[in-house]
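Remarks on the overall topology
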Amino acid sequence: MGIEEYGGGQGPQSDVLVVTTNDIPGYRVEQVIGEVFGLTVRSRHLGSQIGAGLKSMIGGELKGLTKTLVETRNQAMERLIEQARARGANGVLAFRFDVTDAQDVGTEVCAYGTAVVLARE
């Protein structure tokens, strides 16, 4: 698995700027639209669960599960951006992820933040 499969986040050409901070130097918030989120739940593949169980006995990274979680987070972030764009935002402030087990059948990932309209200063 190459390094490109371990990362995420938005590309440099995105029309919706997503940041973890509460403000952005060089921009002012013209309008607060409100909370937006992107949610996805991924089930665990039986084969990967068995492999992960065996790997956890001897130690080491669970690469299949790592790749799945990266893909899941990226999908949740894409959905957040789609929702922000649909509501007229060009920015999301205070971006965060929340990850929880979904009744022992999968992993729920929620990407959330505050949708805003930004203007350059």
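As recorded in an unreviewed UniProt entry, the chain goes by the name UPF0145 protein G3I71_37095, listed as coming from Streptomyces sp. SID12501. Quoted verbatim from the Sequence similarities (unreviewed entry) field of the UniProt record, the comment on the chain reads "Belongs to the UPF0145 family."

Taken as a whole and assessed by the stated rule, the structure comprises three salt bridges. Note that Arg-85 and Asp-15 form a salt bridge whose closest N and O atoms lie 2.8 Å from each other. Of this pair, Arg-85 sits in helix 2 (residues 63-86) while Asp-15 sits in the segment before strand 1 (17-18), placing them 70 residues apart in sequence. Assessed through its relative accessible area of 39%, Arg-85 is described here as partly exposed. One salt bridge connects Arg-28 with Glu-30, and the closest N-O pair in it is separated by 3.2 Å. With a relative accessible area of 39%, Arg-28 lands in the partly exposed category.

A positive phi angle, near 55 degrees, is found at Ala-94, a position not held by glycine. Note that Ala-94 resides in strand 3 (residues 91-101).

Next up on the list: the sheet that holds strand 2 (residues 27-43). A sheet is described by the order of its strands in space; here four strands give the open sequence 1-3-4-2, paired in mixed fashion. Each edge of the open sheet carries a strand with a single partner, namely strand 1 and strand 2. Docked against the sheet, helix 2 engages strand 1, strand 2, strand 3 and strand 4 (106-120), running at close to 140 degrees with respect to strand 2.

Among the secondary structure elements, Ile-24 is positioned in the loop between strand 1 and strand 2. A relative accessible area of 12% means that Ile-24 is categorised as buried. Along the backbone, Ile-24 and Leu-118 are 94 residues apart, and their C-alpha atoms lie at a distance of 9.1 Å. Those residues in contact with Ile-24 that lie beyond four places of it in its chain are Leu-17, Val-19, Leu-93 and Leu-118.

Turning to the pairing of strand 3, a few remarks are in order. When strand 1 meets strand 3, the two strands line up parallel, connected through two bridges. In the sheet register, Val-18 faces strand 3, and the bridge partner there is Val-92. Here nine bridges tie strand 3 to strand 4, and the two strands are oriented antiparallel to one another. Looking at the pairing, Thr-100 lines up with Glu-108 of strand 4.

Reading the values: the criteria
Residues numbered from 1 in each chain as written. Predicted model: local features only at pLDDT ≥ 70, side-chain atom pairs only at ≥ 80, totals over all residues. Heavy atoms only, no water. UniProt positions renumbered as here; feature names shortened; annotations may be inferred. Salt bridge = Lys/Arg side-chain N within 4 Å of Asp/Glu carboxyl O. Helix = DSSP H or I, 4+ residues; strand = E, 2+ residues; numbered from the N terminus. Buried < 20%, exposed > 50% of the residue type's maximum accessible area, 1.4 Å probe, protein only. Pairing = 2+ DSSP bridges. Contact = heavy atoms within 4.5 Å. Axes fitted to C-alpha atoms, helices over the stretch in contact; angles between N-to-C directions.

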